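Working through the structure, step by step
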Amino acid sequence: DVKVTQSSRYLVKRTGEKVFLECVQDMDHENMFWYRQDPGLGLRLIYFSYDVKMKEKGDIPEGYSVSREKKERFSLILESASTNQTSMYLCATRAPEKGMGRAFFGQGTRLTVV
Amino acid sequence: QQQVKQSPQSLIVQKGGISIINCAYENTAFDYFPWYQQFPGKGPALLIAIRPDVSEKKEGRFTISFNKSAKQFSLHIMDSQPGDSATYFCAASSSKSDSWGKFQFGAGTQVVVTP
């Protein structure tokens, strides 16, 4: 079974802090994604990466950056946390079957910015 | 704007009843349509998926119906059970090389099955 592990289940941070969310996968998948989940809005793509050191903006990248120094690890960085970034953050990988690979999600990190 | 529109936002169904969730899309490049199920405190997990070359796919009590001309697809949960209570997301992706394997997700439907 594919394992996608997010480093924290719950985080509470102060406004203006720099926040790191870490994600590690054990299946050697090339594609990795960061989504945020908000009620009524579903899952919205923040950033994704299709290879080490490669990254692409998703639909809502403002206020975020990412880092992928190793294939198995994809980090989401909130440069200066704000209260509107309070949300559930989900990391995912996607199996490589072209066009049909399923996504595997971590358990999520619930971030509260106060 | 959401590329995949999902309805209803929530649904209450009695045990043994049928739950129906609908999704619509605009991008004709989409060629893979999965449904994900999410329980509280967990990440979403793949439930069932369909490609547009078939109009229906069934796995156990779960069925996807797909209408290519209307650009709509739906999830039917037959004989709904309390253990089916979860949030369901439809999604779509394209196999074209410039999409990089991204999914577009619907807003989600919270399903509650009462005993």
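What this report covers is the structure whose coordinates are included nearby. (Residues numbered from 1 in each chain as written. Chains lettered and ligands numbered in written order. Predicted model: local features only at pLDDT ≥ 70, side-chain atom pairs only at ≥ 80, totals over all residues. Heavy atoms only, no water.)

Some thoughts on a nonpolar patch on the surface
A contiguous nonpolar patch, built from B:I18, B:I20 and B:M78 and spanning about 240 Å² of accessible area, is present on the exposed surface. Within the secondary structure layout, B:I20 lies in strand β3 (residues 19-25). (Patch = residues over 30% accessible without salt bridge, like charges linked within 9 Å, V, L, I, M, F, W, Y side chains within 5 Å. Areas by Shrake-Rupley, 256 points an atom, 1.4 Å probe, with all protein chains shown as cover. Salt bridge = Lys/Arg side-chain N within 4 Å of Asp/Glu carboxyl O. Helix = DSSP H or I, 4+ residues; strand = E, 2+ residues; numbered from the N terminus.)

Overview of the pattern of salt bridges
Per the counting criterion, the structure on display carries eight salt bridges over all chains. With a closest N to O distance of 3.3 Å, A:D28 and A:K71 form a salt bridge. Separated by 43 residues along the polypeptide, A:D28 in the loop between β3 (19-25) and β4 (31-38) and A:K71 in the loop between β7 (64-70) and β8 (73-78) bring together distant segments of the chain. Residue classification places A:D28 among the exposed positions, given a relative accessible area of 54%. B:R61 is the salt-bridge partner of B:D84, the closest N and O atoms lying 2.8 Å from each other. One end of the pair, B:D84, is in the loop between β8 (72-77) and β9 (86-92); the other, B:R61, is in the loop between β6 (56-59) and β7 (62-67), with 23 residues separating them in the sequence. B:D84 sits in the buried class, given a relative accessible area of 5%. The class of B:R61 is partly exposed, set by a relative accessible area of 27%. (Buried < 20%, exposed > 50% of the residue type's maximum accessible area, 1.4 Å probe, protein only.)

Thoughts on the interface of chain B and chain A
Each side of the interface is counted separately: chain B has 23 residues, and chain A has 24 residues. Interface of chain B and chain A: buried area, both sides summed, is about 2,000 Å²; carbon and sulfur atoms make up 56% of it. Across the chain B-chain A interface, the total number found is seven residue pairs in polar contact (both at pLDDT 80 or more). Counting residues per element, the ones that place at least two in the side of chain B that touches chain A are β4 (33-38) and β10 (104-105) of chain B. In the side of chain B that touches chain A, the residues fall into nine nonpolar, 11 polar and three charged. (Contact = heavy atoms within 4.5 Å. Buried area = accessible area lost by both parts, 1.4 Å probe. Polar contact = N/O pair within 3.5 Å; in protein donor to acceptor, adjacent residues only side chain to side chain. Nonpolar A, V, L, I, M, F, W, Y, C, P; charged D, E, K, R; others polar.)

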